[in-house]
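Descriptive structure summary
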Amino acid sequence: MSDIPLVTRSTIPVVHGVGVIAILTGIISAIGVVFLIAMFILFMTPYKELAMQAGMANDICVALQYLLTIPVALTLYPLLRAFNPALLRIATIVGIAAMLLVTGLQLLLIFKVLTFEQQGLWVTLVMIFGVGYWLIITGLAARSTGKLPNSLLMSFLAVTYLGYPVWAIWIGVQLLAW
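Let us look at the structure shown here. (Residues numbered from 1 in each chain as written. Predicted model: local features only at pLDDT ≥ 70, side-chain atom pairs only at ≥ 80, totals over all residues. Heavy atoms only, no water.)

1. What to know about the nonpolar core
Among the nonpolar cores identified, the biggest contains 44 residues, and Tyr66, Leu76, Trp134, Trp167 and Ile171 are the most heavily contacted of them. Within the residue set of this core, elements represented by two or more residues are helix H1 (12-43), helix H2 (48-80), helix H3 (85-110), helix H4 (116-145), helix H5 (151-159) and helix H6 (164-176). Among the elements that take part in this core, H2 stands out by supplying 11 residues, more than any other. (Core = buried A, V, L, I, M, F, W, Y, C linked by side-chain atoms within 4.5 Å. Buried < 20%, exposed > 50% of the residue type's maximum accessible area, 1.4 Å probe, protein only. Helix = DSSP H or I, 4+ residues; strand = E, 2+ residues; numbered from the N terminus.)

2. Let's talk about the side chain of threonine 25
Here threonine 25 is to be found in helix H1. Residues contacting threonine 25, with those up to four places away along its chain left out, are Gln65, Leu68, Thr69, Tyr164 and Ala168. (Contact = heavy atoms within 4.5 Å.)

3. Quick notes on H6
With 13 residues, H6 should reach 18 Å at 1.5 Å per residue; the first-to-last C-alpha distance of 18 Å fits that figure. Among the residues making up H6, those that are buried are Tyr164, Pro165, Trp167, Ala168, Trp170, Ile171, Gly172, Gln174 and Leu175. Contacts from the buried residues of H6 go to H1, H2, H4 and H5. (Expected span 1.5 Å × (residues − 1).)

4. Remarks on the packing of aromatic side chains
All told, the structure shown has three aromatic pairs when counted by the stated rule. Arranged with centres 5.8 Å apart and planes meeting at 85 degrees, the rings of tryptophan 134 and tryptophan 167 form a pair that is edge-to-face. Here tryptophan 134 is found in helix H4, whereas its partner tryptophan 167 is found in helix H6, with 33 residues between them in sequence. For the pair tryptophan 134 and tryptophan 167, a shared accessibility class is recorded, and that class is buried. Aromatic pair tyrosine 164 and tryptophan 167: ring centres 5.4 Å apart, planes at 55 degrees, arrangement tilted. Of the two residues, tyrosine 164 and tryptophan 167 are both situated in helix H6; the distance of three residues between them amounts to about one turn of the helix. Taken together through their ring pairs, the aromatic side chains of Tyr66, Trp134, Tyr164 and Trp167 make up a single cluster. (Phe/Tyr/Trp six-rings, centres within 6.5 Å; stacked < 30°, edge-to-face > 60°.)

Shown next as structure tokens:
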């Protein structure tokens, strides 16, 4: 099975399309980071309601960011599976499940089913340990295959919310060049 090419001429447009999605995810994530910073700054002013609106905008960006990262995970898996198919499969399943869980928790917050206090810790843990696990294993696989330079460093950067936009745009550019 490893003799079968993982990327053929017919799949290259899909890889390039997902590259565009990854870049879009990075832009959405960067906008979310701006809203998050604005929220913290506004909480230090009398404009608490505006801070809450900035926080809500960040929550929407986070939900979109992780939902749009699922096609990236689904595309990276066959591109990198030669490294360690079983480990990468587990990481991809865990990562996608975590992305769906983050999206769901964010939607519950956005629609006021849960408060920030009820979901904030859970979202953080799922982002770091679920999505983070996928990012690190994917970075290791990419480094081992030699296909994506600096992939492990970029993956560690992406585990932090503030570094995620850089990783998403970087991986998008890499997929466009595939």
